[in-house]
Amino acid sequence: MASTLRILYGSFILQAKDRATNNFFIGTLFIQPIIFTLLSVGTYLYGGKPDFGLYAVIGAGMIGIWNNNLWTSGRIVEGERRGGTLPLIVASPTPLPLVLVGKSFSNAVASIIALGITFATGYVAFRLPIGISDPLGFAFSLLLTLIAMTCLGLVLGSIFVITRNAGEFVELTNYPIFLLSGLTFPLTVLPLWTRPLSSALAPTWGNLALNQAAGVIAGSMWPNYLWLIGLSAFYIFIARALFRRVEYRVREAGSMEEW
């Protein structure tokens, strides 16, 4: 247990240091949330929907959280591959998923900054009344969302191990996730056939839980909590199966250079 915690802590700190010196991640943390907040909140306010201002702020914050987890999940593996350390990590006694858990959770925790910036932007730029009806519920919802995002990052990381096109994959999946998760507008706007896709995404339930805790949407938060916990377990199961497949292919080929 002590060695596992030490690995998680070391991976967490290493990723935090790497992110602090990377201009790309600094942009996703500090600049992108401001842009998305201005666009999203402005669309509702000037479109005659002032009651959706806080919904837009939380959605923009979730976009910031999602962006940091999606991009960094790909960049973690890509950086290790370019640095020539990925084969060494895979071959070491330390399981690669354990390293990715520490790094992904580091990104998830840092993404809270993006959420804070969206709230600050909404207050400064639009004078929105930023009030949370249930602060404890909001904090717990955010915690479960970050855990689910970290687990989803493991699934993405396992896919990125066996492909050199992580950047293209990220660009392809980024904006559809915004739409399917209801981060830009309510899910009721989407056709019914998209609901199963939305249900399989952690950002959907995290966004709903945060909005209910903030008092924007009425309803019980417990179903959202159960969905987030269930999806976290499901993502871990999928990631574990994928990593086993990756390990088998690596041992079969004796190298990672063919991917």
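Source: prediction; values computed, not measured. (Residues numbered from 1 in each chain as written. Predicted model: local features only at pLDDT ≥ 70, side-chain atom pairs only at ≥ 80, totals over all residues. Heavy atoms only, no water.)

**Things to note about the overall build of the protein**
Formally: We count a stretch as a helix when DSSP gives it H or I for four or more residues in a row; a strand needs E for two or more, and each element gets its number in order from the N terminus. Residue exposure (1.4 Å probe, protein chains only): buried if accessible area is under 20% of the type maximum, exposed if over 50%, otherwise partly exposed. Residue contacts are defined here by distance: any two heavy atoms, one from each residue, within 4.5 Å place the two residues in contact. Every accessible area reported is derived by Shrake-Rupley at a probe size of 1.4 Å, with residue values counting cover from the shown protein chains alone.
Across its full length, the protein holds eleven helices and zero strands. Reading the helices (α) and strands (β) of the protein from amino to carboxyl end gives α-α-α-α-α-α-α-α-α-α-α. Within the protein, the fraction of its 259 residues that count as buried is 49%. For the protein, long-range pairs separated by at least 24 residues make up 77% of all intrachain contacts whose partners lie at least 6 apart in sequence. In the form shown here, the protein has an accessible surface area of approximately 12700 Å², with 69% of it arising from carbon and sulfur atoms.

**Looking at the packing of aromatic side chains**
Operational definition: Ring pairs are drawn from Phe, Tyr and Trp, using the six-membered ring of Trp, whenever the two centres fall within 6.5 Å, and their geometry is named by plane angle: stacked under 30 degrees, edge-to-face over 60, tilted for the rest. Whether a charge lies above a ring is judged from NZ of Lys or CZ of Arg, which has to be within 6 Å of the ring centre and within 35 degrees of the ring normal.
One pass over the full model with this rule turns up ten aromatic pairs. An angle of 80 degrees between the planes, with centres 5.8 Å apart, marks the rings of F36 and F178 as edge-to-face. Remark: F178 occurs in helix 8 (residues 166-180) and F36 occurs in helix 2 (residues 23-46); sequence separation between them is 142 residues. For F178, a relative accessible area of 2% gives the class buried. Geometrically, the ring pair formed by Y44 and F52 is stacked, given 5.5 Å between the ring centres and 15 degrees between the ring planes. For Y44, a relative accessible area of 11% puts it in the buried group. F52 gets classed as partly exposed once you look at its relative accessible area, which sits at 30%. Among the aromatic residues, ring-to-ring pairing joins F36, Y175 and F178 into one connected group. The ring of Y123 has R127 sitting right over it, with the charged end atom 5.7 Å from the ring centre.

**Digging into the confidence of the model for the protein**
What counts here: A residue's pLDDT is the predictor's confidence in that residue, given on a scale from 0 to 100.
When pLDDT is averaged along the protein, the result is 82; 88% of the residues meet or exceed 70. Highest mean pLDDT in the protein belongs to helix 10 (residues 202-214) (93); lowest belongs to helix 4 (residues 86-91) (72).

**Quick notes on a nonpolar patch on the surface**
Selection rule: Two joining distances apply to patches: 9 Å for like charges and 5 Å for nonpolar side chains (Val, Leu, Ile, Met, Phe, Trp, Tyr), and every residue must have over 30% relative accessible area and no salt bridge. Just to be clear on terms, a salt bridge is a Lys or Arg side-chain nitrogen sitting within 4 Å of an Asp or Glu carboxyl oxygen.
On the surface, a nonpolar cluster with roughly 530 Å² of combined accessible area is contributed by I26, F30, I31, I35, L39 and I113. In terms of residues, the nonpolar patch owes the most to one element, helix 2, which gives five residues. Mapped onto the elements, L39 comes out in helix 2. Assessed through its relative accessible area of 55%, L39 is described here as exposed.

**Topic: the packing of helix 1 (residues 2-20) against helix 5 (residues 96-110)**
Defined as follows: Axes here refer to lines fitted to C-alpha atoms; in helices the fit is confined to the stretch in contact. Angles between the N-to-C directions go from 0 to 180 degrees. Any angle that falls under 35 degrees is termed roughly parallel, while one over 145 is termed roughly antiparallel, one within 65 to 115 roughly perpendicular, and all others oblique. The sense of a crossing depends on the near helix, which, turned anticlockwise from the far helix by less than a right angle, makes the crossing left-handed and, turned clockwise, makes it right-handed.
With their axes 7 Å apart at the nearest point, helix 1 and helix 5 run at an angle of 50 degrees to one another. In terms of orientation, helix 1 lies oblique with respect to helix 5. Here helix 1 and helix 5 pass one another in a crossing that is right-handed. Facing T4, I7, L8, S11, F12, L14, Q15, A16 and R19 of helix 1, the residues of helix 5 in contact are L98, V99, V101, G102, K103, F105, S106, N107, V109 and A110.

**Concerning the side chain of N224**
Turning to its location among the elements, N224 is positioned in helix 11 (residues 222-253). Aside from chain neighbours lying at most four places away, what touches N224 is W205, L208, A209 and Q212.

**Considering the environment of G116**
For G116, the location among the structural elements is in helix 6 (residues 112-126). For G116, a relative accessible area of 40% corresponds to the partly exposed category. For the pair G116 and V57, spaced 59 residues apart in sequence, the C-alpha to C-alpha distance is 9.8 Å.

**Some words on unusual backbone geometry**
Most of the time, phi is negative for any residue but glycine, and the peptide bond is trans. Despite not being glycine, R127 has its phi angle at roughly 55 degrees, a positive value. Locating R127 in the fold gives a position in the loop between helix 6 and helix 7 (135-161). Classification of R127 by relative accessible area gives exposed; the value is 61%.

**Considering the nonpolar core**
The condition that has to hold: As used here, the term nonpolar core means buried Ala, Val, Leu, Ile, Met, Phe, Trp, Tyr and Cys residues forming a set that is joined through side-chain atoms within 4.5 Å.
Grouped together as the largest cluster of nonpolar side chains are 54 residues, with contacts concentrated most on I58, M62, W66, F119, F138 and Y235. Top element by residues in this core is helix 7. It accounts for twelve residues. Contacts of M62, omitting those with residues within four sequence positions, involve T145, M149, L183, P203, G206, N207 and L210.

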